[in-house]
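# Analysis of the macromolecular model
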Amino acid sequence: DAKVDQCGTNNMSDVYQYGNYNSADVLQYSLNHDSWVDQIGDHNIADVDQKNGNNDWSHIDQFGDWNTAITFQKGSNNMSDVAQTGDNNVANTYQRYGNHDSWIDQDGDFNNADVDQIGGNSNWSDIDSQGSYNTANTLQNGSNNTSDVWQSGDSNGAYTTQTGSSNSSIINQS
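Since this is a predicted model, take the numbers as computed values, not measurements.

### A look at the nonpolar core
Counting 17 residues, the largest nonpolar core has V37, V48, I60, V82, I104, I127 and V149 as its most contacted members. Sorting the residues of this core by element identifies strand 3 (23-31), strand 5 (45-51) and strand 11 (112-119) as the ones contributing at least two each. For I60, the residues in contact, after removing those within four places along its chain, are W36, V37, D38, A46, V48, A69, T71 and V82.

### Description of a nonpolar patch on the surface
Together, Y16, Y18, I40 and F63 make up an exposed nonpolar region whose accessible area comes to about 410 Å². Among the secondary structure elements, I40 is positioned in strand 4 (residues 34-40).

### Overview of the sheet that holds strand 5
The strand order 1-3-5-7-9-11-13-15 describes an open sheet built from eight strands, whose pairing is parallel. This sheet does not close on itself; its edge strands, each paired only once, are strand 1 (2-9) and strand 15 (157-165). Pairs of neighbouring strands in the sheet enclose a mean axial angle of 5°, with direction left out of account. When strand 9 (residues 90-98) meets strand 11, the two strands line up parallel, connected through six bridges. Bridged to Y94 within strand 11 is D116.

### Some points on the pattern of salt bridges
Applying the stated criterion across every chain yields a total of one salt bridge. In this structure, the salt-bridge partner of D49 is K51, at a minimum N-O distance of 3.9 Å. Under the relative-accessibility criterion, K51 is labelled partly exposed at 23%.

### Quick notes on the side chain of Q39
For Q39, the location among the structural elements is in strand 4. Only 3.4 Å separates the side chain of Q39 from the backbone nitrogen of A46, close enough to count as a polar contact. Every residue in contact with Q39, bar those within four places of it in the chain, is listed here: Y16, Q17, Y18, N22, S23, A24, N44, I45, A46 and Q62.

### Concerning the sheet that holds strand 4
The parallel open sheet is built from eight strands, whose spatial order is 2-4-6-8-10-12-14-16. A single partner strand is all that each edge strand has here, and the edge strands are strand 2 (12-18) and strand 16 (168-173). The mean angle between the axes of side-by-side strands here comes to 0°, regardless of whether they run parallel or antiparallel. Both strand 14 (residues 146-152) and strand 16 contribute to a ladder of six bridges, which runs parallel. If you follow T146 over to strand 16, its bridge partner there is S168.

Rules of the game
Residues numbered from 1 in each chain as written. Predicted model: local features only at pLDDT ≥ 70, side-chain atom pairs only at ≥ 80, totals over all residues. Heavy atoms only, no water. Core = buried A, V, L, I, M, F, W, Y, C linked by side-chain atoms within 4.5 Å. Buried < 20%, exposed > 50% of the residue type's maximum accessible area, 1.4 Å probe, protein only. Helix = DSSP H or I, 4+ residues; strand = E, 2+ residues; numbered from the N terminus. Contact = heavy atoms within 4.5 Å. Patch = residues over 30% accessible without salt bridge, like charges linked within 9 Å, V, L, I, M, F, W, Y side chains within 5 Å. Areas by Shrake-Rupley, 256 points an atom, 1.4 Å probe, with all protein chains shown as cover. Salt bridge = Lys/Arg side-chain N within 4 Å of Asp/Glu carboxyl O. Pairing = 2+ DSSP bridges. Axes fitted to C-alpha atoms, helices over the stretch in contact; angles between N-to-C directions. Polar contact = N/O pair within 3.5 Å; in protein donor to acceptor, adjacent residues only side chain to side chain.

Below, the structure is given as C-alpha cells:
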C-alpha cells in the first residue's frame with residue numbers, strides 16, 4: 001500500500017516497495033520537499049510528514065521485515081536519513097524549525113532509535129547501531145548541538161538530552 005498526498009509546488013516523492021503487506025504514507029505541504037522511501041521485505045511501515053516549511057529532505061531505506069520508520073518535519077531545510085537492515089527495528093525522527101540533520105542507521109534486529117530536534121536551529125544527530133536490542137534516544141532543544149551515538153553488540157542503551165546551544169556529545173558503546 002502506498003499513498004502520496006502533495007499540496008504546493010515542486011514537491012517530489014518516490015516510493016519503491018517489494019514484498020508483501022508494506023505500507024508507505026507520504027504527506028507533503030508547501031514547497032520543494034523531497035521524499036524517498038525504499039522498502040524490501042514484508043510488513044514494513046514508512047510514514048513521512050513534511051509541512052509548514054520548505055526544502056525538507058527525507059530518505060528511508062528498510063530491508064527486512066516488520067520495520068517501522070516515521071519522519072515528521074515541520075520547518076525548513078531539515079534533513080533526515082533512515083536506513084534499517086534486519087527485522088523489527090523502529091526509527092522515529094521529529095524535526096521542528098530549521099536546518100536540522102538526523103542520520104539513523106540500524107543493522108540488526110529489535111533496535112529502537114528516536115531523534116527529537118524540537119527547538120532552535122542547526123542541530124545534528126547521528127545514531128549508528130550494529131547489533132540487536134539496542135536503544136538510542138536523542139533530544140535536542142536549542143541550536144548548534146551535535147550528538148553522535150555508536151553502538152555495536154547487543155542490548156545497549158544510550159540517552160542524550162541537549163538543552164541550550166553549542167553542546168557536543170559522543171557515546172560509543174560495545
